[in-house]
Amino acid sequence: MLAKLQCWTRANPLMVLALAATAGILAAESGWLKFGEDTLMSCAALLLAAAFFWRRAWLLLPGCALVFAFIHEARTDETFRHPLRTVLLGADKPLQATIQGSLLPDFDTTADGRAHALCKARRIEISAAGAVIEQEATLLVRLPKGVRFPGAGVFELRGDVYLPRASSNPGAFDAQEYALRNGRVARFDAEGLHRIHGGGEALWCAFLEAAERCRRWISTQLTKDLEDDPETAAVIRAMALGVSAEADDEIEDAFRNSGTLHVFAVSGLHVGLLGLIALALMRQLGLRRGISLWMTVAVVFAYAFITGWRPSSARAALMVAVFMGAPLADRESSLQNSLGMAALLLLGADTHQLFMPGFQLSFVVLWLSVIGSVPLVQRLLPLTQLDPFLPPQLANWRQRASSHSRRWFVATLSVSTAAWIGSLPFILGHFQSVTPVAVIANCVLVPLSFLCLGATCLSLCAAALHLSGVQIIFNNVNWAMAKAMVASAAWFAGLPGASFHFKPNEVLANAPATWRVMELPHGAAANHLRIGKEHWLFDVGDETNFRRVLRPYLHSSGINVVTGVFLSHNDADHVGAVEKVIAEFDQPRLFCSTQEPGALDSSLSTLRRLADATNGGILRRLRVDERLALSGDSHFTAEARVLYPSQQVQNARGDDRAMVVMLHLGPWRVLWVSDAGWNAEKTLGSGSDDVRCDVLIRSQHELDREMSAEFLLKAAPRVIVCGSDARQAEVLLPDSLVQFTRQQNIPLLDTWSDGSIELRMTTDELQALGARSEKPVILKPRG
């Protein structure tokens, strides 16, 4: 074994150095190296000098590790430890600032249509903090309304600077860390700008604008004659150019759930396939090998730039260039050494790439595909051969075709299997997802992707030659291939057991019950209750928050089935995603109050659609005082009892009909009031129902800005948990509630300040802890 390892290291020195560089970066990231940057560089220089003069090759490994640790420390100083970030972390709101720097186009727009740009700021002045920062920083700028990218130059911009809000919801995308890993220190909302002088990043800016013009031209040409099917046209643009935002969410979900998302959006696969197509075309044209390789490298780099120089396409273009560089230098190509060289170059340019899932999957999957597919092919090779008693020269064309087909299938299946096994630890670690169907799905969709990309190339060639008729033919071939890919992905994703989610390190929590209050913006709400192995949702948010927050949270928690959903009232911010939950989490039972949907609710509203679709059969309406058992565990009983609204409540406004539920969870009483406002509080406060609770969970009524003191005194909560958003006056914490909790010395947790909040309940103790809180609130059962 040791001899094989030594042989492998001698054959693949660049891959070994890449592994050493990875170890150095991880050591620096984890804080294991307690040295300054100067010490790191000095030690690295000594080790590399010793390796050179004393001919000790093994010293290159620690030397390489320390070099990349130094690079990562320097990169971290430019991002995570940048002085601007330190100032903004101490502020609770955006700060007025004036910045000077050069602008680069960022071809994206915000929801309100404002254009984006990247600013390489060289001077940042923040008057409120008394700070003037002259260390260079890259900022994502939202330009003033109506202002398009003004062109290259050095500008002075005035506006608000702030950090993207860090996610506190488990499993959700963290925009702040993602921006920092991509080198963007903060965001800037510009109110005005003026040009100081020309210059700046003029050449790079012109290059990016030319790439954008090419992208628009390609997009127009590929969808010519496909105007009647915008859905498939969007899929073609996504696969050819990476413009996946235009494609239907359900189509993207089908590719994701079949384990073939890399086929749907521009990835290293597309760059590699394009390289094969370009190389084959060069050979057909009779070009010499060297010229063919150079032109292929040029084509893949051009494609990577046109598609926006995404990390995935940039990585693949560099891999292709390194792999094809060996023959150009009259050396034998080694895929493992090529991967090592590409990794060293990419990590040398930006060590943060190591922590991106795409980087990890690109290199590890390709590496293990090469290593693992060979033994699989060798084991399956007997299945591909002709009858051993039949001389090959006597085989007819059908037998030879069958043998070639089996050989192709075995090779494809082996690569797909090796890639799936290699990616499994990373997919589990990042997404808690397993897609066994991907092994077979990729055998179908990757060849279809190759045909689709080939049709794309031929269509663009015809467009460049002004052969409109030929172009339309290839566009329709592309359309047919795209339809076949979408149908195949949907079919594979729909197979039983095609995909599921679980946490590899998940052990059933010691707490018999946990309640999670999600942090959602703009007054939306979603809550998750786990009792043993049963999972219940109390409101689900709207579709956007479902995709960004609730679904990733449930998947990251290893949840595939939801038992039931309580829907407080017919408000899209609370129940808009219930149809998505039904489709993706095994059709849970749905519960709402007897007053839903309201008599005046639109026929397009969520609960009205659900009621009309099945004559109300899918919804179970709960009456006041009706009880529902949530778990069959006799050791920790769980029951829900509806307190409001009664059938006498006839309000057109949804918030005034919000369902109020008392949950008895073991020894604990949790009162969920959702958006219930003044009317509901007065009814409950003056009624005979026992509303005493240990925890009160609420969100904000649309209009009522005050809470009933009578209701709060009667409920006597020991902890109050609120959903809020300080960016909107309508969903701020009510002043009366804040004053009441201070007077009564009641802990108040709100999602804006404390982040996503978890309640952990045992028979002896209840802990309430926010993701941004330092210490939990601990309760003991009432005597």
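Here we summarise the structure given alongside this text. (Residues numbered from 1 in each chain as written. Predicted model: local features only at pLDDT ≥ 70, side-chain atom pairs only at ≥ 80, totals over all residues. Heavy atoms only, no water.)

1. With respect to the overall build of the protein
Here comes step 1: The helix and strand tally for the protein stands at 26 helices and 24 strands.
Here comes step 2: Taken over the C-alpha trace, the protein has a radius of gyration of 30 Å; the compact-globule value for 783 residues is 28 Å, and the two agree within 12%.
Here comes step 3: Counting only C-alpha atoms, the protein reaches 90 × 70 × 60 Å along its principal axes.
Here comes step 4: Relative to its full complement of 783 residues, the protein shows a buried share of 49%.
Here comes step 5: Within the protein, contacts between residues at least 6 apart in sequence are counted, and of these 69% link residues at least 24 apart.
Here comes step 6: If you sum the accessible surface of the protein, you get close to 37,100 Å²; carbon and sulfur atoms cover 58% of it. (Helix = DSSP H or I, 4+ residues; strand = E, 2+ residues; numbered from the N terminus. Rg over C-alpha atoms; globule rule 2.2 N^0.38 Å. Buried < 20%, exposed > 50% of the residue type's maximum accessible area, 1.4 Å probe, protein only. Contact = heavy atoms within 4.5 Å. Areas by Shrake-Rupley, 256 points an atom, 1.4 Å probe, with all protein chains shown as cover.)

2. A short note on the packing of aromatic side chains
Here comes step 1: Using the criterion set out here, one finds 14 aromatic pairs in the structure.
Here comes step 2: One aromatic cluster in this structure is built from W515, W536, F538, F566, F591 and W672.
Here comes step 3: In this arrangement the basic side chain of R181 is found over the ring face of F355, its NZ or CZ atom lying 4.2 Å from the centre. (Phe/Tyr/Trp six-rings, centres within 6.5 Å; stacked < 30°, edge-to-face > 60°. Lys NZ or Arg CZ within 6 Å of the ring centre and 35° of its normal.)

3. Overview of the pairing of strand β6 (residues 184-197)
Here comes step 1: As paired strands, strand β4 (residues 137-142) and β6 are joined by five bridges and run parallel to one another. Paired with L139 across the strands is A186, a residue of β6.
Here comes step 2: Where strand β5 (residues 154-162) and β6 come together, nine bridges link them in antiparallel fashion. Note that in β6 the partner of G159 across the bridge is A190. (Pairing = 2+ DSSP bridges.)

4. Considering the pairing of strand β9 (residues 513-517)
Here comes step 1: Burial analysis of β9 places five of its five residues in the buried class, the great majority of the element.
Here comes step 2: Residues of β9 alternate between two faces, with A513, W515 and V517 on one and T514 and R516 on the opposite face, all of them buried.
Here comes step 3: In the sheet, β9 pairs with strand β10 (residues 526-531) via five bridges, with the strands oriented antiparallel. For T514, the partnering residue across the bridge sits in β10 and is R530.

5. Considerations on the pattern of salt bridges
Here comes step 1: Applying the stated criterion to the full structure yields 39 salt bridges.
Here comes step 2: Close ionic contact of R256 with D253 constitutes a salt bridge, the shortest N to O distance being 2.8 Å. Separated by three residues within a single helix, R256 and D253 lie in helix α9 (residues 249-257), roughly one turn from each other.
Here comes step 3: By relative accessible area, D253 is classed as buried at 8%.
Here comes step 4: Note that R718 is salt-bridged to D694, the shortest N-O span being 3.0 Å. Taken as a pair, R718 in the loop between α24 (709-715) and β20 (719-722) and D694 in the loop between α23 (678-686) and β19 (695-698) lie far apart in primary sequence, 24 residues in all.
Here comes step 5: Each of D249, E252, D253, R256, R547, R551 and E584 takes part in a single network of salt bridges with overlapping partners. (Salt bridge = Lys/Arg side-chain N within 4 Å of Asp/Glu carboxyl O.)

6. Quick word on empty space enclosed by the protein
Here comes step 1: One pass over the full model with this rule turns up three cavities of 30 Å³ or more.
Here comes step 2: Estimates place the volume of the largest cavity at around 150 Å³.
Here comes step 3: Around the largest cavity, the lining comprises 19 residues; the ones closest to its centre are A524, A525, R698, S699 and G723.
Here comes step 4: The residue inventory of the lining of the largest cavity, partitioned by class, reads nine nonpolar, seven polar and three charged.
Here comes step 5: Size it by volume and the second largest cavity reaches roughly 60 Å³.
Here comes step 6: If you trace the second largest cavity, you find it lined by I236, M239, A240, V263, H270, S449, C452, L453, T456 and N478. (1 Å grid on protein atoms, 1.4 Å probe; cavity = no way out; pocket = protein on both sides within 12 Å on 5 of 7 lines; lining within 4 Å. Points joined across faces, edges and corners; volume = space filled by probe spheres on them. Nonpolar A, V, L, I, M, F, W, Y, C, P; charged D, E, K, R; others polar.)

7. So, helix α4 (residues 60-78)
Think of an α-helix as turning once every 3.6 residues; residues three or four places apart then point the same way.
Here comes step 1: Its 19 residues place the ends of α4 27 Å apart at the C-alpha level, agreeing with the 27 Å of an ideal helix rising 1.5 Å per residue.
Here comes step 2: For α4, the complete set of buried residues consists of G63, C64, A65, L66, V67, F68, A69, H72, E73, R75 and T76.
Here comes step 3: Of the surrounding elements, those touching the buried residues of α4 are α2 (13-30), α3 (37-53), α6 (175-181) and α14 (335-349). (Expected span 1.5 Å × (residues − 1).)

8. Digging into the sheet that holds strand β14 (residues 619-622)
Here comes step 1: Strand order in the open sheet made by the nine strands is β14-β13-β12-β11-β10-β9-β22-β23-β24, with mixed pairing throughout. Of all the strands in the sheet, the pair left with one neighbour each is β14 and β24 (777-779). Sheet twist, expressed as the mean angle between neighbouring strand axes with direction ignored, is 20°.
Here comes step 2: Here strand β13 (residues 589-593) pairs with β14 via four bridges, running parallel. Looking at the pairing, F591 lines up with R620 of β14. (Axes fitted to C-alpha atoms, helices over the stretch in contact; angles between N-to-C directions.)

9. Quick word on the packing of α4 against α14
Here comes step 1: At a closest axis distance of 9 Å, the pairing of α4 and α14 adopts a crossing angle of 35°. On α14, the residues touching C64, F68 and I71 of α4 are L344, L347 and G348.
Here comes step 2: The residue makeup of the contact of α4 with α14, split by class, is five nonpolar, one polar and no charged.

10. With respect to the side chain of T296
Here comes step 1: On the secondary structure map, T296 appears in helix α12 (residues 289-306).
Here comes step 2: A polar contact is formed between the side chain of T296 and the backbone oxygen of S292, at a distance of 2.7 Å.
Here comes step 3: Excluding residues within four positions of it along the chain, T296 makes contact with G275, A278, L279, M282 and M324. (Polar contact = N/O pair within 3.5 Å; in protein donor to acceptor, adjacent residues only side chain to side chain.)

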